Amino acid sequence: MLDSMTLSALLTSRVCHDLISPVAAMTTGLEVMEEESDEEMRQHAMDLLNASAAQASAKLQFVRLAFGAAGTAGAELDLDEAKGLASGYFDFVKPDLDWRAPGRVVPKSICKIVLNLCLLAAEAAPRGGHVRVLGAADGPLTIVAEGPRAFLPETARAALAGDLDEYDAKSIQPYYVGRLIDTAGQTLTIEDGEERVTFILAPAG
């Protein structure tokens, strides 16, 4: 088990990794606006600023709940809130999001786990495709990654189980969700298919 200081430092590195691209693009857009007199170029820069600001905002709102203490005032959240955050995040990754699980009030930890599993699913479909979130009014929740060469790397599987010797900004996220699953009294089953990875989250026992 990682100590809390190492875990927080690596999670911070992961958040910075996600945000550095849109923030850098915003900086570039501002530089062009300051230096360029051509109106067409200035409009391109403004479009870049708007798109990058939207991306940064969507990712910040997502990680605020997925990694942070958002919603701490209440012990429960509606899955529809997680759906909204995931929809914004998936506007800026390759696979599409197909969220079919109905809204229902669940412990905040379950919302955090589902968002983190969506991240894993997105990374399991690096060439695009679909991430589907499935479930009924109660019972297990299923997150499916489908796409060309969809797979979950062995490093991510080992990190989920807490079996890596060393962690970095990439492997810390599956490690984190693995610990969330443990502390929430849940179990995770991973099923591999042809160009498909399925994550099934269910109560332990």
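In this text the structure is predicted, and so the values were computed from the model without any measurement. Positions within a chain are numbered from 1, following the residues in the order the chain's sequence is written. Local features in this predicted model are restricted to residues of pLDDT 70 or higher, and side-chain atom pairs are both shown and tallied only at a pLDDT of 80 or more, whereas totals for entire chains, interfaces and linings draw on every residue. Hydrogens and water molecules were not included; the side-chain quantities draw on all heavy atoms of the structure.

(A) Quick peek at the overall build of the protein chain. The secondary structure content of the protein chain amounts to six helices and seven strands. Reading the secondary structure of the protein chain in the N-to-C direction produces α-α-β-α-β-β-α-β-β-α-α-β-β. Taken against the 2.2 N^0.38 rule, which gives 17 Å for 205 residues, the C-alpha radius of gyration of the protein chain at 18 Å falls within 12% of a compact globule. Dimensions of the protein chain along its principal axes, counting C-alpha atoms only, are 65 × 40 × 35 Å. Three labels apply to residues, based on accessible area from a 1.4 Å probe with only protein chains included: buried if under 20% of the type maximum, exposed if over 50%, partly exposed otherwise in between. Per-residue burial over the protein chain gives 42% buried out of 205 residues. Here a helix means four or more residues in a row that DSSP labels H or I, a strand means two or more in a row labelled E, and each is numbered from the N terminus. Based on C-alpha atoms, the radius of gyration is set beside the globule rule, defined as 2.2 Å times the residue count to the power 0.38.

(B) Layout of the state of the cysteines. The disulfide criterion used throughout: a pair of cysteine sulfur atoms within 2.5 Å. Inspection of the entire model under this criterion finds zero disulfides. Left unpaired, C111 is separated from the closest cysteine sulfur, that of C118, by 11 Å. Here C111 falls in the buried class, since its relative accessible area comes to 0%.

(C) Structural context of the pairing of strand β6 (residues 186-193). Sheet analysis places β6 next to strand β7 (residues 196-203), joined by eight bridges and oriented antiparallel. What sits directly across from T189, in β7, is I200. The loop that links β6 with its antiparallel partner β7 comprises two residues; one of these, E195, has a positive phi angle of about 55°. Whether two strands pair comes down to DSSP finding at least two bridges between them.

(D) Molecular detail of the packing of helix α4 (residues 108-124) against helix α6 (residues 172-183). To get an axis, fit a line to the C-alpha atoms, keeping to the stretch in contact for a helix; angles then go from 0 to 180 degrees between the N-to-C directions. Taken N-terminus to C-terminus, the directions of α4 and α6 make an angle of 150°; their axes are 10 Å apart at the nearest point. When the interaxial angle is binned, α4 and α6 end up roughly antiparallel. Note that α4 runs across α6; the crossing there is left-handed. On α6, the residues touching K112, I113, N116, L117, L119 and L120 of α4 are Q173, P174, Y176, V177, L180 and I181. Gly falls in the polar group here, along with every residue not listed as nonpolar (Ala, Val, Leu, Ile, Met, Phe, Trp, Tyr, Cys, Pro) or charged (Asp, Glu, Lys, Arg). Tallied by class, the residues present in the contact of α4 with α6 amount to nine nonpolar, two polar and one charged. Throughout, the term roughly parallel applies to angles under 35 degrees, roughly antiparallel to angles over 145, roughly perpendicular to angles from 65 to 115, and oblique to all others. Crossing chirality is assigned from the near helix's rotation relative to the far helix, an anticlockwise turn below a right angle marking it left-handed and a clockwise turn marking it right-handed. Any pair of residues with heavy atoms lying within 4.5 Å of one another is described as a contacting pair.

(E) Region of the structure containing the pairing of β7. As defined by bridge partners, strand β5 (residues 141-146) adjoins β7 across six bridges and the pair is classed as antiparallel. Within the sheet, the bridge partner assigned to E146 lies in β7 and is R196.

(F) A look at the pattern of salt bridges. Any carboxyl oxygen of Asp or Glu that lies within 4 Å of a side-chain nitrogen of Lys or Arg is treated as forming a salt bridge with it. By the definition in use, this model includes nine salt bridges. R132 is paired through a salt bridge with D98; the nearest N and O atoms lie 2.7 Å apart. With R132 in strand β4 (residues 130-135) and D98 in strand β2 (residues 96-99), this pair connects stretches of sequence that are 34 residues apart. For E154, the salt bridge identified is with R157, shortest N-O distance 3.7 Å. Linking E154 with R157, this pair stays in helix α5 (residues 154-160), spanning three residues, or about one helical turn. Several salt bridges converge on common partners, so that one network encompasses D98, R100, R132, E146 and R196.

(G) Representation of the packing of aromatic side chains within the structure. Pairing of aromatic side chains requires ring centres within 6.5 Å, counting the rings of Phe and Tyr and the six-membered ring of Trp. Pairs whose planes differ by under 30 degrees are stacked, by over 60 edge-to-face, and all others tilted. This model, assessed by the stated rule, comprises four aromatic pairs. Geometrically, the ring pair formed by F62 and Y89 is tilted, given 4.4 Å between the ring centres and 35° between the ring planes. A residue pair is termed long-range when its members are at least 10 positions apart, and F62 in helix α2 (residues 39-66) and Y89 in helix α3 (residues 79-90) qualify at 27 residues. Like F62, the residue Y89 is buried in the burial classification. Aromatic pair Y167 and Y175: ring centres 4.7 Å apart, planes at 55°, arrangement tilted. Given a relative accessible area of 15%, Y167 falls into the buried group. Y175 sits in the buried class, given a relative accessible area of 3%.

(H) Seen up close, the packing of helix α1 (residues 4-35) against α2. Contact geometry of α1 with α2 gives a least axis separation of 8 Å together with a crossing angle of 160°. As far as their axial angle goes, α2 and α1 are roughly antiparallel. Here the hand of the crossing between α1 and α2 comes out left-handed.

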